[in-house]
Every structure is written in C-alpha cells, then in structure tokens.
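# A closer look at the structure
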Amino acid sequence: MQVKFGHFSLRPTDLEATARFYTDVLGLADGYRPPFGFPGKWLYLGTVPILHLIGDRTLTATSGDFIDRKALAGVEHGSGVVDHIAFCGERSRLAEFRAHLDARQVEYAERMVPILEVPQIFIEDPDGVTIEIMFDQ
C-alpha cells in the first residue's frame, strides 16, 4: 500500500485568529467542514482541505474518540515534536511574498539551502508553530 498526504490538524488557542493567519498570510481558503460536535474549521489549498483546525483546547476525552485521547496534555505553545510544516512557493514570487509578510508585520527568517541554492522563509503561526516556505525552481 502506498499512502499520500491528506491533511494536518492543529488545536489553536484562538480558532479565529489562527484561521485568519493561514488565510491571510498563506492564502488558504476557509471551506466546507462536516458538522462535527465540536468547533473547528477546514482550510483548503485549492480543492483539498489541507488544514483542519480543531477549536477549543478545553475539549476533553468524553467520547472515547481517538482525537480526544490525543489531546495536547498541557502543551500550550509551539510545534512540540513536530519541528515545522512546509509549503512550497514559486521562486519568481519570493520578493512579492516578502512584501506580503512585511505589509502584515509578520516576522520571518530566511535561509538558503546549501548547494541546492533554494531560498526558504520561516514564520510562526499565532501558536508558535513553525512554517517553512521553500521557493523552489
């Protein structure tokens, strides 16, 4: 069996602020989400719901649901064991993306991948999750 990437899920401190960050800064689109019994949002990259935001960190394991059992257990900030989430950007739009971040006062760090000469920009979402944007050919 071969797998393919489906989505990633985050439990943000502030559901609305985090949704605004990913839609405004990274261009994801808020879209359809089934009517689960807890708050959340699905953010789309094209037609794919790539980011599932699970609202209200106070959810408890009352349903025996797998996600409930995997609750954050007190972690309040950062990526934890996940070092970062990566997206790809077009190299020809790197300067435009820098200006986009500057206009929104989003702090970022840049790095060049050695030998490959591929620029990278690193930012953090409202909960401190590190996001890499790699500007490949």
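Anyway, here's the lowdown on the structure attached to this text. (Residues numbered from 1 in each chain as written. Predicted model: local features only at pLDDT ≥ 70, side-chain atom pairs only at ≥ 80, totals over all residues. Heavy atoms only, no water.)

### Topic: the sheet that holds strand 3 (residues 40-45)
Sheet architecture is open: 4 strands sit in the order 1-4-3-2, paired in mixed fashion. Two strands in the sheet have a free side with no partner beyond their single neighbour: strand 1 (8-10) and strand 2 (29-31). Strand-to-strand twist in this sheet, taken as the mean axis angle between neighbours without regard to direction, amounts to 35°. Across the sheet, helix 1 (residues 15-24) lies against strand 1, strand 2, strand 3 and strand 4 (48-54), angled at about 5° from strand 3, the strand it touches most. (Pairing = 2+ DSSP bridges. Helix = DSSP H or I, 4+ residues; strand = E, 2+ residues; numbered from the N terminus. Axes fitted to C-alpha atoms, helices over the stretch in contact; angles between N-to-C directions. Contact = heavy atoms within 4.5 Å.)

### So, the environment of H84
By secondary structure assignment, the location of H84 is in the loop between helix 2 (66-69) and strand 5 (85-90). On the accessibility criterion, H84 (32% relative accessible area) is partly exposed. Separated by 40 residues in sequence, H84 and E124 place their C-alpha atoms 9.2 Å apart. Look past the residues within four positions of H84 in its chain and what remains in contact with it is T130 and E132. Among the polar contacts made by the side chain of H84, one reaches the side chain of E132 at a distance of 2.8 Å. (Buried < 20%, exposed > 50% of the residue type's maximum accessible area, 1.4 Å probe, protein only. Polar contact = N/O pair within 3.5 Å; in protein donor to acceptor, adjacent residues only side chain to side chain.)

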